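Architecture at a glance
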Amino acid sequence: MTLHVDRIDLATAAETGVNPYLAGPYTPTHDELTLGDLEVVGEIPADLNGVYVRNGPNPQHEPDGRYHWFDGDGMVHAVHIADGQATYRNRWVRTSGFEREREAGAPLWKGIIEPPAGNPPGEPEKDTANTDVLFHNERLLALWYRAGKPYALDPVTLETLGAEDFDGTLRCEVSAHAKADERTGELMFFDYGTKRPYMRYGVVSPQGVVSHFIGVDLPGPRLPHDMAITARHSILMDLPLYNDPEAARHGRFKLFFDRDMPSRFGVIPRFGASCKIRWFEAAPCFIYHSVNAWDEGDEVVLDVCRVKQPEPRNDLAGPLANVLSYLRLDAHMHRYRFNLRTGKTVEQTIDDDNSEFPSINNRVLGTRSRYAYNMHISPESTLLFDGLMKYDVHTGAAETHWFGDGRWGSEAPFAPRPGADGEDDGYLVSYVYDEREGRSDVEVLDARDVTAGPLCRIKLPVRVPIGFHATWVPGEKLPGGSA
Ligand SMILES: [Fe+2]
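Thresholds, definitions, all that
Residues numbered from 1 in each chain as written. Predicted model: local features only at pLDDT ≥ 70, side-chain atom pairs only at ≥ 80, totals over all residues. Heavy atoms only, no water. Helix = DSSP H or I, 4+ residues; strand = E, 2+ residues; numbered from the N terminus. Contact = heavy atoms within 4.5 Å. Donors = N, O, S within 2.8 Å, 3.2 Å for Na, K, Ca; no water. Tetrahedral: all angles 85-135°; square planar, octahedral: opposite > 155°, others 65-115°. Buried < 20%, exposed > 50% of the residue type's maximum accessible area, 1.4 Å probe, protein only. Phe/Tyr/Trp six-rings, centres within 6.5 Å; stacked < 30°, edge-to-face > 60°. Pairing = 2+ DSSP bridges. Axes fitted to C-alpha atoms, helices over the stretch in contact; angles between N-to-C directions. 1 Å grid on protein atoms, 1.4 Å probe; cavity = no way out; pocket = protein on both sides within 12 Å on 5 of 7 lines; lining within 4 Å. Points joined across faces, edges and corners; volume = space filled by probe spheres on them. Nonpolar A, V, L, I, M, F, W, Y, C, P; charged D, E, K, R; others polar. Core = buried A, V, L, I, M, F, W, Y, C linked by side-chain atoms within 4.5 Å. Polar contact = N/O pair within 3.5 Å; in protein donor to acceptor, adjacent residues only side chain to side chain.

Before going further, it helps to examine the environment of Leu388. Among the secondary structure elements, Leu388 is positioned in strand 26 (residues 385-392). Separated by 32 residues in sequence, Leu388 and Glu356 place their C-alpha atoms 10.0 Å apart. Other than its neighbours up to four places away in sequence, Leu388 contacts Tyr373, Asn374, Glu399, Thr400, His401, Phe403, Ala412, Leu428, Leu445 and Val450.

Structure representation (structure tokens):
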């Protein structure tokens, strides 16, 4: 694979056809490593124990055809912190597609920008499990944005344990974003597809079996990415972004945003039957990620990062125009209030700055919360994060830690402090790629004061390519019960 060390900007990419998502901060890595004895600048907090793990695309072979950032095989990068020491590990997620391509020594699939003809029969896309990683029932689950098999991983060794079917009870796929409720131990999930009812929703019990499963009738195939939960409800999304039906008839994929179709949000009791779902209409939009949701009187409140311009910007030419257009993200913090008594929706902008990949303290997931920790999107042309924002979601006020010139951050999960006193009593942990040094740090921030800068930098001798979602597994939840 040809590796370009330097970051490629949008204009250069369009002009030269060099794919920026295989270059600079995105350059795939081919080594699976376990590295201890890491250099630390500052001091790792003595009460920070657990595993920070992030998923992302990392193709094992040189791509066949045009590469889209979403195509790469899932690779997890973890830093296990215990007793002031840190160990880094990275491992590919051993999906079925990964293993088959490993055996073949070459790609069996082309990426999503290329026509699917020639891909393995019945599998137009490779399920890469490359998008999210969450912790439930003592294991990590690596999930894929198109809805696929959840792959279970050991949270310490990162070994792939296999496709998780929850003791044979899983009857659908699982989308990238499912929600683990720490208070009850339940996992709420959905999938979506091209066949009726187009969406399904379920709950995995704390014991690890699917205990509730229903169809969710949508008017047609959609491309929802996330859901939300409150203590009592789940919220599903029917948004007016979908595959152009004309393109679909010809077996192709072309995103279409219908500005005449409202957004719809389905509010359903956690264990509700299909007939109990209540749909609330709002202005047309697209949403990748919810921040949090909660019940408040007659209302269900939902905070999200709302995409400002869902249509691809067709302002680029050249072979990579599609790839580059789809990956320009403009989103801002936004609030919906769905009134269960009146059926009305009220929506408002919380802040219009450009941010995404939100994290919260998962202990307050589904309950009224105050803080969100978002990645600030750089005005650079490819999707890069130049700062970590701490939002007060009720005022829209934000404090920002800027990573510095040529330093790009990564979704920063919240690590609660043992015996925490307050929602923001804990740490934020983020990979930061330094493009001048060609390697990454792990920055640890005090969530109560992000502008003070990192409490420590764990220096990795390697590069962690820019990727997608991350989570924090507290040490006491690891198998064996200690970090
Ligand atoms: Fe996502």
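Picking up after the structure, the text goes on.
Moving on, we come to the coordination of the iron ion. Binding of the iron ion to the protein goes through His177 (NE2), His225 (NE2), His289 (NE2) and His469 (NE2), at separations of 2.0 to 2.1 Å. Metal-centred angles of 89 to 170° between the four donor atoms at the iron ion mark the site as irregular. Ordering the donors of the iron ion by residue number gives the pattern H-x47-H-x63-H-x179-H. Separated by 244 residues along the polypeptide, His225 in the loop between strand 13 (210-217) and strand 14 (228-229) and His469 in the loop between strand 32 (456-459) and strand 33 (470-474) bring together distant segments of the chain. Both residues of the pair, His225 and His469, belong to the buried class.

A complete count under the given rule lists 17 aromatic pairs for this structure. Ring centres 5.8 Å apart and planes at 10° place the aromatic pair Tyr336 and Phe338 in the stacked group. Phe338 matches Tyr336 in its accessibility class, with the two residues each being buried. Seen from their ring centres, Phe357 and Phe385 are 5.2 Å apart, and the 55° between their planes marks the pair as tilted. Of this pair, Phe357 sits in strand 24 (residues 355-359) while Phe385 sits in strand 26, and the two are 28 residues apart along the sequence. Look at Phe357 and you get buried, because its relative accessible area is 6%. Its relative accessible area of 4% is what places Phe385 among the buried residues.

Here the focus is the sheet that holds strand 3 (residues 50-57). Spatial ordering of the open sheet is given by 1-5-4-3-33, a layout of five strands whose pairing is antiparallel. Looking at strand neighbours, the two that pair on one side only are strand 1 (34-35) and strand 33, the edges of this open sheet. Inspection of the sheet shows strand 3 paired to strand 33 by five bridges, in the antiparallel sense. Opposite Val53, over in strand 33, you have Thr471 as the bridge partner.

Moving on, we get to the sheet that holds strand 24. Pairing is antiparallel in the open sheet, where four strands are placed in the order 24-25-26-27. The strands lining the two open edges of the sheet, one partner per strand, are strand 24 and strand 27 (398-402). For this sheet the average axis-to-axis angle between neighbouring strands, irrespective of direction, equals 30°.

On to the layout of surface pockets. In this structure, the second largest pocket occupies an estimated 800 Å³ of space. Along the wall of the second largest pocket there are 38 residues; nearest its centre are Leu134, Ala180, Asn362, Leu365 and Thr471. Listed by contribution, the elements that provide at least two residues to the lining of the second largest pocket are strand 6 (132-136), strand 10 (179-181), strand 20 (286-296), strand 24, strand 29 (414-416) and strand 33. Considering each element in turn, the lining of the second largest pocket owes the most residues, five residues, to strand 6. In terms of residue class, the lining of the second largest pocket is made up of 17 nonpolar, eleven polar and ten charged.

Take empty space enclosed by the protein next. Rolled over the atoms, a probe sized like a water molecule indicates the empty space that remains. This model, assessed by the stated rule, comprises one cavity of 30 Å³ or more. In this structure, the largest cavity encloses a volume near 40 Å³. Lining the largest cavity are Arg54, Trp408, Gly409, Ser410, Tyr431, Val432, Tyr433, Ser440, Val464, Pro465, Ile466 and Gly467. With three residues, strand 30 (residues 426-434) is the single largest residue contributor to the lining of the largest cavity. Of the residues that constitute the lining of the largest cavity, the class distribution is seven nonpolar, four polar and one charged.

This next bit is on unusual backbone geometry. Between Arg196 and the following residue, Pro197, the backbone shows a cis peptide bond with an omega angle of 5°. Relative to the helices and strands, Pro197 resides in the loop between strand 11 (186-192) and strand 12 (198-204). Although it is not a glycine, Asp37 sits at a positive phi angle of roughly 55°. As for its placement among the helices and strands, Asp37 is situated in the loop between strand 1 and strand 2 (39-42).

With that settled, the discussion passes to the nonpolar core. Nonpolar side chains in soluble globular proteins tend to end up buried together. If you look at the biggest cluster of nonpolar residues, it comprises 53 residues, and the most contacted ones within it are Phe265, Leu302, Tyr336 and Leu428. Beyond its immediate sequence surroundings of up to four residues, Phe265 is in contact with Ile235, Leu236, Met237, Leu239, Arg278, Trp279, Phe280, Ala282, Ile287, Leu302, Tyr336 and Phe338. Residues Val203, Ile277, Met389 and Val393 belong to the second largest nonpolar core, which totals 29 residues.

A few words now on the side chain of Asp446. The topology assignment puts Asp446 in strand 31 (residues 439-446). Since its relative accessible area comes to 15%, Asp446 is described here as buried. At 2.9 Å, the side chain of Asp446 forms a polar contact with the backbone nitrogen of Arg448. When sequence neighbours within four positions are dropped, the list of residues in contact with Asp446 reads Arg417, Gly426, Tyr427 and Leu455.

So, about the pairing of strand 30. Judged by how many residues are buried, strand 30 sits mostly within the fold: nine of nine residues are covered. Of the pairings in the sheet, the one linking strand 28 (residues 407-408) to strand 30 comprises two bridges and is antiparallel in character. When the bridges of strand 30 are listed, Arg407 appears paired with Asp434. Across three bridges, strand 29 lies against strand 30 in antiparallel orientation. When the bridges of strand 30 are listed, Pro416 appears paired with Gly426. With eight bridges joining them, strand 30 and strand 31 adopt antiparallel strand pairing. Pairing of Asp434 across the sheet is with Arg439, part of strand 31. Here strand 30 folds back onto strand 31, and the loop between the two strands holds four residues, one of which, Gly438, carries a positive phi near 65°.

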